[in-house]
Amino acid sequence: MKKYLSIFLILFAFAVSVQSQTTNAPSDLQSLVDAERAFAKTALAKGIREAFIANLADDGVLFRPRPVAGKKWMEEHTSQPGVLTWQPIFAFVSRAGDMGYTTGPWEYREKSIDDKPVAFGNFVTIWKKQLDGAWKVILDLGTRNPQPQTPAPPLTFPRDYPTNKSSKLSTDAEAERAALIKTEDDFSKLLTAKSMLDSYLSYMADDVRLYRMNAFPVVGKESTRAALEGKIGTLTWQTAKADVSSSGDLGYTYGTYDLKSGADAKQMESGNYMRIWRKQKDGKWRVVLDLLNLIPKSAS
């Protein structure tokens, strides 16, 4: 009885929080937040495996530890003990309302919701709206961090979020995708030629979010500068996929990366990366979220 009462109280508080935080959200953004929260609610009620199977797109990707077909992988693996809880604290949707992303903290408990959390981190989930109008997960990746000492902040949206529905104009998505791939390639070439923090930051948006393993996310270009000072190394990557919204204002890339340091380019780490890009007012693609997910050598 205690377990079910705990779950009820959590879900009740969660529902109150939803109502208070998203009342004024535009409809596309609100529906994405609702989808993320329903995903988390299903994980609490039915388990991690069932929640992911229900919410992953047929072509959705997870990392185990390298990229895999998410739904197929989940269906082929049995449920494991453990409770995963999370909540979104930031969300964004494209002008077309067909692509968006959510991010926020997660906690893991070994057996039940009554246990103390044993692992903490932050997730990033990219969503695409399906033909039936439902949001489904196309990419999900995250990082770990120490136990937070303060409560999670309330849900927020970008201050410049487009609320004018007349702005939902379709564009040449394939041309925008090609432009994004070129931008990512130019970014890579710049870092190869001039591996300096200023080079890296030149492709970041002012409100960029930075995610690194064993550290809390940071927000803003100057906070990113402070977090990466003296740690930039030589970063190279191989892009596995790039995609953009039909309105050409939101896109993402993901793949694998290597980070090296020193004149002898000694290998420091390797893993998976995810970048979320937004088209800026000047028409340039800039990174609004940059995530590196280190893969331990023992798991490679």
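Fair warning: this is a prediction, and the values are worked out from it, not measured in the lab. (Residues numbered from 1 in each chain as written. Predicted model: local features only at pLDDT ≥ 70, side-chain atom pairs only at ≥ 80, totals over all residues. Heavy atoms only, no water.)

Asker: Quick question: what am I supposed to make of the overall build of the protein chain here?
Answerer: Across its full length, the protein chain holds seven helices and 13 strands. Burial statistics for the protein chain: of 300 residues in total, 45% are counted as buried. Relative to all contacts within the protein chain whose residues are 6 or more apart in sequence, the contacts with residues 24 or more apart total 60%. Of the roughly 15400 Å² that the protein chain leaves accessible, carbon and sulfur atoms contribute 54%. (Helix = DSSP H or I, 4+ residues; strand = E, 2+ residues; numbered from the N terminus. Buried < 20%, exposed > 50% of the residue type's maximum accessible area, 1.4 Å probe, protein only. Contact = heavy atoms within 4.5 Å. Areas by Shrake-Rupley, 256 points an atom, 1.4 Å probe, with all protein chains shown as cover.)

Asker: What exactly am I supposed to notice about unusual backbone geometry here?
Answerer: What you tend to see is this: most non-glycine residues have negative phi, and most peptide bonds are trans. In this structure, Pro65 follows Arg64 across a cis peptide bond, with omega equal to -10 degrees. Considering the arrangement of structural elements, one finds Pro65 in the loop between β1 (56–63) and β2 (67–69).

Asker: Explain the pattern of salt bridges to me, please; I cannot follow it from the model alone.
Answerer: Side chains carrying opposite charge are able to pair once their charged atoms draw close together. Using the criterion set out here, one finds 17 salt bridges in the structure. Among the ionic pairs, Lys129 bridges to Asp28, the shortest N-O distance being 3.4 Å. One end of the pair, Lys129, is in strand β6 (residues 119–129); the other, Asp28, is in helix α2 (residues 27–46), with 101 residues separating them in the sequence. For Asp28, a relative accessible area of 13% translates into the label buried. We note a salt bridge from Glu50 to Arg49, for which the minimum N-O separation is 2.9 Å. The exposure class of Glu50 is partly exposed, given its relative accessible area of 34%. One salt-bridge network, held together by shared partners, links Glu184, Arg212, Arg275 and Asp290. (Salt bridge = Lys/Arg side-chain N within 4 Å of Asp/Glu carboxyl O.)

So, to be careful, I would describe these as geometric facts and stop short of saying anything about function.
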